[in-house]
Amino acid sequence: MDGNPLDLVLRRADALCRERGARLTPQRRQVLKILCAAGRPLGAYEILEAMREGARALAPPTVYRALDFLLAQGLVHKLESLHAFVGCNHPERPHCSQFLICADCGLVTELEDAAIARSLKSAAKESGFRPERRVVELIGTCADCAHKRH
Ligand SMILES: [Zn+2]
Ligand SMILES: [Zn+2]
């Protein structure tokens, strides 16, 4: 692997968007960069703040539109319980993920358990429910934080 992980993520995002004919504009790219560099979930306002430190200040709608684009491309995920966003580390294929969120250190782990996705789908179907979005987030204590407590 050459280059640092952040460069790699951005280069992969560039390539993905090019492949799909989507435009990763400098602003969208910067939002993605801030999110991936943070290594933890960031709220829209934290992203705005981080962008203010850069050369150009952006209006909130610009950041929201950039986030919508990144969500649609699967480059980031939204954590509903935190009202925050995280970068995805495998955006090249569509996936149903679940998130483990540590309430102590803020660590977010993305899981991809197809069995969970399947069982939710069939449970919804049995109830005649038509899901539009699926949010699976567990909030608790990560292994490191649990270990430190003892
Ligand atoms: Zn993902
Ligand atoms: Zn933790």
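Engineer: Tell me about the overall build of the protein chain, and name the residues and values.
Structural biologist: A tally of helices and strands in the protein chain yields six helices and five strands. The linear arrangement of helices and strands in the protein chain, starting from the amino end, is α-α-α-α-β-β-β-β-α-β-α. Restricting the contact set of the protein chain to residue pairs at least 6 apart, pairs at least 24 apart contribute 47%. In the form shown here, the protein chain has an accessible surface area of approximately 9700 Å², with 53% of it arising from carbon and sulfur atoms.

Engineer: With reference to specific residues and values, describe the domain arrangement of the protein chain.
Structural biologist: The figure often quoted for interface size is the accessible area lost as the parts come together. When its domains are assigned, the protein chain resolves into domain 1 (5-87) and domain 2 (98-149). Taken over C-alpha atoms, the centre of domain 1 sits 22 Å from the centre of domain 2. With eight residues of domain 1 at the contact, the number on the domain 2 side is nine residues. Between domain 1 and domain 2, a total of about 670 Å² is buried, with carbon and sulfur atoms accounting for 62% of that surface. The closest approach of N and O atoms between E80 and R133, which form a salt bridge, is 2.5 Å. If you look at where domain 1 meets domain 2, you find four residue pairs in polar contact (both at pLDDT 80 or more). If you tally residues by element for the side of domain 1 that touches domain 2, the top one is strand 1 (residues 76-79), at three residues.

Engineer: Before we move on, can you summarise the coordination of the zinc ion (ligand 2) with the specific residues and values?
Structural biologist: Protein ligation of the zinc ion (ligand 2) involves C102 (SG), C105 (SG), C142 (SG) and C145 (SG), the donor distances falling in the range 2.3 Å. One way to put it: the four donor atoms around the zinc ion (ligand 2) meet at angles of 104 to 113°, and that makes the site tetrahedral. Sequence spacing of the donors to the zinc ion (ligand 2): C-x2-C-x36-C-x2-C. With a relative accessible area of 9%, C145 lands in the buried category.

Engineer: Can you lay out the pairing of strand 2 (residues 84-87) for me, pointing to particular residues and giving the numbers?
Structural biologist: Where a strand is regular, its side chains alternate between the two sheet faces. The pairing of strand 1 with strand 2 spans four bridges and is classified as antiparallel. Counted as the bridge partner of V76 is G87 from strand 2. Connecting strand 1 to the antiparallel partner strand 2 that follows it, the hairpin turn spans four residues, and H83 within it adopts a positive phi of roughly 50°.

Engineer: Before we move on, can you summarise the coordination of the zinc ion (ligand 1) with the specific residues and values?
Structural biologist: As a benchmark, a tetrahedral metal site with four donors has ideal angles of 109.5 degrees, while an octahedral site with six donors has ideal angles of 90 or 180 degrees. Note on the zinc ion (ligand 1): its protein donors are H77 (NE2), C88 (SG), H95 (NE2), E110 (OE) and E110 (OE). The metal-donor distances range over 1.9 to 2.8 Å. Counting the intervening residues between successive donors of the zinc ion (ligand 1) yields the motif H-x10-C-x6-H-x14-E. With H77 in strand 1 and H95 in the loop between strand 2 and strand 3 (98-102), this pair connects stretches of sequence that are 18 residues apart. Of the two residues, H77 and H95, neither departs from the other in class, the shared state being buried.

Engineer: Kindly report on the confidence of the model for the protein chain, identifying the contributing residues and their values.
Structural biologist: Mean pLDDT over the protein chain: 90, with 95% of residues reaching 70 or higher. The weakest mean pLDDT in the protein chain belongs to helix 3 (residues 44-52) at 89; the strongest belongs to strand 5 (residues 137-140) at 96.

Engineer: Quick rundown of the environment of R133? Include the residues and the values.
Structural biologist: Counting through the fold element by element, R133 comes out in the loop between helix 5 (114-126) and strand 5. One polar contact links R133 to E80, side chain to side chain, over a distance of 2.5 Å.

Engineer: Tell me about the pattern of salt bridges, and name the residues and values.
Structural biologist: For the coordinates displayed, the defined rule picks out six salt bridges. Across the pair E46 and R40 runs a salt bridge whose closest N-O atoms are separated by 3.1 Å.

Engineer: Explain helix 5 to me, and be specific about the residues and the numbers.
Structural biologist: The end-to-end C-alpha distance of helix 5, which contains 13 residues, comes to 18 Å, matching closely the 18 Å that a straight helix rising 1.5 Å per residue would cover. Regarding helix 5, its N-cap is D113, as a side-chain oxygen of that residue lies 2.9 Å from the backbone nitrogen of A115 further along. Immediately downstream of helix 5, the backbone of G128 shows phi near 70°, a positive value.

What counts, and where the lines are drawn
Residues numbered from 1 in each chain as written. Chains lettered and ligands numbered in written order. Predicted model: local features only at pLDDT ≥ 70, side-chain atom pairs only at ≥ 80, totals over all residues. Heavy atoms only, no water. Helix = DSSP H or I, 4+ residues; strand = E, 2+ residues; numbered from the N terminus. Contact = heavy atoms within 4.5 Å. Areas by Shrake-Rupley, 256 points an atom, 1.4 Å probe, with all protein chains shown as cover. Domains from an automatic or database assignment. Buried area = accessible area lost by both parts, 1.4 Å probe. Salt bridge = Lys/Arg side-chain N within 4 Å of Asp/Glu carboxyl O. Polar contact = N/O pair within 3.5 Å; in protein donor to acceptor, adjacent residues only side chain to side chain. Donors = N, O, S within 2.8 Å, 3.2 Å for Na, K, Ca; no water. Tetrahedral: all angles 85-135°; square planar, octahedral: opposite > 155°, others 65-115°. Buried < 20%, exposed > 50% of the residue type's maximum accessible area, 1.4 Å probe, protein only. Pairing = 2+ DSSP bridges. pLDDT = per-residue confidence, 0-100. Expected span 1.5 Å × (residues − 1).

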